[in-house]
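# What the coordinates show
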Amino acid sequence: METRILGTDDRRITEAGEILASGGLVAFPTETVYGLGADAYNADAAARIYLAKGRPSDNPLIVHISEISEIDALAEDISDTARELISAFMPGPFTIILKKNRNIPDAVTAGMDTVAIRCPAHPVARRLIKASGVPVAAPSANLSGKPSPTTAAHVIADMTGRIDAIIDGGACDVGVESTIVSCAGEHPVLLRPGGVTFDEICEIAPDAILDKNVLNSIGEGEQPLCPGMKYKHYSPDAEVTVVEGGLLAVKAKIDELLYENRDRVCGVLTMSDNAYDSAILLHGGDSNREYAKNLFSSLREFDRLGAEVVFAEFEARDGYALAVRNRLYKAAAQKVIRV
Ligand code: TXA
Ligand code: MG
């Protein structure tokens, strides 16, 4: 299949909308990461997403809308708290899980009786969804298991030949996927931390709780509320270890690890101006927010540069700490050294 690379002028967005409406697959930018879209009312199109990504079919997709008012056509039993969260955080890097109604095919929700809904803030994403005339089911546009794409180049690397078109809308601003909150049960539950922080959620919904799998790995045979959590994620080819704590102690530990691994190609992802000899250095950012924005692209860049081992400096500094930790720990398959 030929994959077209499209710009963001009105003619191209209209064309991309037509591809979606006729059952095709289009990757597009959002403020979090690039998504891989298909018509959410078309079960065959949704099935093509799983094929293109190599995604396990029991992992449901997020349905994207261009106007908040469209939620009522997709979900039912929407509580007052859910409505407050929606009006506080949509459009934005926020996904809500609600009881689904029968408009959504099972292929999109992997047979669950709930549906994940997101209204992105990115103008290109909103224009595309509007042009398609349908809600757009879209996971992140990476091959399953790889870091989520935050530039069109990442999508081109993973998806060329597998999908109809890629809209190049530049780099994503948030850099990690949306915060997911389930409002389908008794209490709102934060299933995946992201651009909207847990504190911000609690200001609106003080009874909100953190799902226990946000920072821990899933045990053997355990069924997480968020099916995607049980899969291997964000895995670069390099073996990643997180070194977490005060940045002076982190520096001493990483120096030691670099020495132990001196016969391998090492990389260090920094949160400081610490310098390391004989390692590929990439700067994630001084704040956790900036680090989140650069995390996935840095992991891909280490692979491109041939790093075999990566040590990631990490210190919790702001509301993005939870989102960064969640992604870093997964990229490191929970290999975390606290100093
Ligand atoms: O920022 C984002 O959310 C990006 C952009 C493209 O919008 N999308 C994204 O989609 O990250 P994806 O498919 O990579 O991650 C969606 C996660 C998965 O872990 C999935 O298991 C979970 O949402 N999910 C989807 N529907 C669900 C449901 N009904 N109940 C529980 N978890 C659900
Ligand atoms: Mg994903």
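Residues numbered from 1 in each chain as written. Chains lettered and ligands numbered in written order. Predicted model: local features only at pLDDT ≥ 70, side-chain atom pairs only at ≥ 80, totals over all residues. Heavy atoms only, no water.

Counting its regular elements, the protein contains ten helices and 17 strands. Here the protein has a C-alpha radius of gyration of 20 Å; the compact-globule value for 339 residues is 20 Å, and the two agree. Along the three orthogonal principal directions, the C-alpha set of the protein runs to about 55 × 50 × 35 Å. Within the protein, buried positions represent 55% of all 339 residues. When contacts within the protein are restricted to residue pairs at least 6 apart in sequence, those whose partners lie at least 24 apart make up 68%. In the protein, 34 positive and 48 negative side-chain charges are present, and the distance between their average locations comes to 3 Å. (Helix = DSSP H or I, 4+ residues; strand = E, 2+ residues; numbered from the N terminus. Rg over C-alpha atoms; globule rule 2.2 N^0.38 Å. Buried < 20%, exposed > 50% of the residue type's maximum accessible area, 1.4 Å probe, protein only. Contact = heavy atoms within 4.5 Å. Lys, Arg positive; Asp, Glu negative; His and termini not counted. Charge placed at Lys NZ, Arg CZ, Asp CG, Glu CD.)

Further remarks concern the sheet that holds strand β16 (residues 309–314). Strand order across the open sheet formed by five strands is β15-β14-β16-β13-β17, with parallel pairing between neighbours. Of all the strands in the sheet, the pair left with one neighbour each is β15 (280–283) and β17 (336–338). In this sheet, adjacent strand axes meet at a mean angle of 20° when their direction is disregarded. Where strand β14 (residues 266–270) lies against β15, four bridges are found, and the strand directions are parallel. By the bridge assignment, Leu269 is partnered in β15 with Leu282. Most of the contacts of helix α9 (residues 288–304) go to β14, to which it runs at about 165°, and overall it touches β13 (239–244), β14, β15 and β16. (Pairing = 2+ DSSP bridges. Axes fitted to C-alpha atoms, helices over the stretch in contact; angles between N-to-C directions.)

Surrounding ligand 1, one finds 27 residues, the nearest of these being Thr32, Asn59, His64, Ser178 and Gly228. Contacts to ligand 1 include Arg55, whose side-chain N or O atom sits 2.9 Å from an oxygen atom. One of the side-chain N or O atoms of Ser140 is found 2.9 Å from an oxygen atom in ligand 1. Looking at the shell around ligand 1, the elements with two or more residues in it are β4 (62–64) and β7 (114–118). In the shell around ligand 1, the residues fall into 15 nonpolar, eight polar and four charged. (Near = heavy atom within 4 Å. Polar contact = N/O pair within 3.5 Å; in protein donor to acceptor, adjacent residues only side chain to side chain. Nonpolar A, V, L, I, M, F, W, Y, C, P; charged D, E, K, R; others polar.)

With that settled, consider the domain arrangement of the protein. Segmenting the protein into domains produces domain 1 (4–210) and domain 2 (239–338). For domain 1 and domain 2, the distance between their C-alpha centres works out to 29 Å. Listed by partner, the interface residues are 23 residues for domain 1 and 13 residues for domain 2. Across the domain 1/domain 2 interface, buried area totals approximately 1500 Å², and carbon plus sulfur atoms make up 58% of it. On the domain 1 side of the contact with domain 2, Pro147, Val176 and Pro193 bury the most area, a combined 34% of that side's loss. Counting across the interface, domain 1 meets domain 2 through three salt bridges. As a salt-bridge pair, Arg300 and Asp158 come within 2.9 Å of each other at their nearest N and O atoms. Where domain 1 packs against domain 2, one counts seven residue pairs in polar contact (both at pLDDT 80 or more). Tallied by class, residues from the side of domain 1 that touches domain 2 come to nine nonpolar, nine polar and five charged. (Domains from an automatic or database assignment. Buried area = accessible area lost by both parts, 1.4 Å probe. Salt bridge = Lys/Arg side-chain N within 4 Å of Asp/Glu carboxyl O.)

Turning our attention to helix α3 (residues 80–89). Turning to α3, its buried residues are Ala82, Leu85, Ile86 and Phe89. Angularly, the buried residues of α3 cover 100° about the axis, an arc narrow enough to put them on a single face. Exposed and facing more than 90 degrees away from the buried side of α3 are Asp80 and Ser87. Buried residues belonging to α3 abut β6 (94–100), β10 (179–182) and α7 (198–204). (Arc of directions from axis to C-beta.)

With that out of the way, let us pick up the packing of aromatic side chains. Here the structure, examined in full by the defined rule, presents two aromatic pairs. Each ring, one from Tyr291 and one from Phe314, has its centre 6.1 Å from the other, and the planes form 55°; the classification is tilted. Pair noted here: Tyr291 is in helix α9 and Phe314 is in strand β16, with a separation of 23 residues, a long-range link. In this structure Phe314 comes out as buried when scored by relative accessible area, which is 0%. Cation over ring: Lys251 sits above Tyr276, and NZ or CZ is 4.5 Å from the ring centre. (Phe/Tyr/Trp six-rings, centres within 6.5 Å; stacked < 30°, edge-to-face > 60°. Lys NZ or Arg CZ within 6 Å of the ring centre and 35° of its normal.)

What follows is about the pattern of salt bridges. Using the criterion set out here, one finds 21 salt bridges in the structure. The closest approach of N and O atoms between Arg4 and Glu15, which form a salt bridge, is 2.7 Å. A residue pair is termed long-range when its members are at least 10 positions apart, and Arg4 in strand β1 (residues 4–6) and Glu15 in helix α1 (residues 10–21) qualify at eleven residues. The salt bridge partner of Arg83 is Asp72, with a shortest N-O separation of 3.0 Å.

Our next topic: the pairing of β14. For β14, the buried fraction is high: five of the five residues fall into the buried class. Of the two faces of β14, the one lined by Cys266, Val268 and Thr270 and the one lined by Gly267 and Leu269 are each fully buried.

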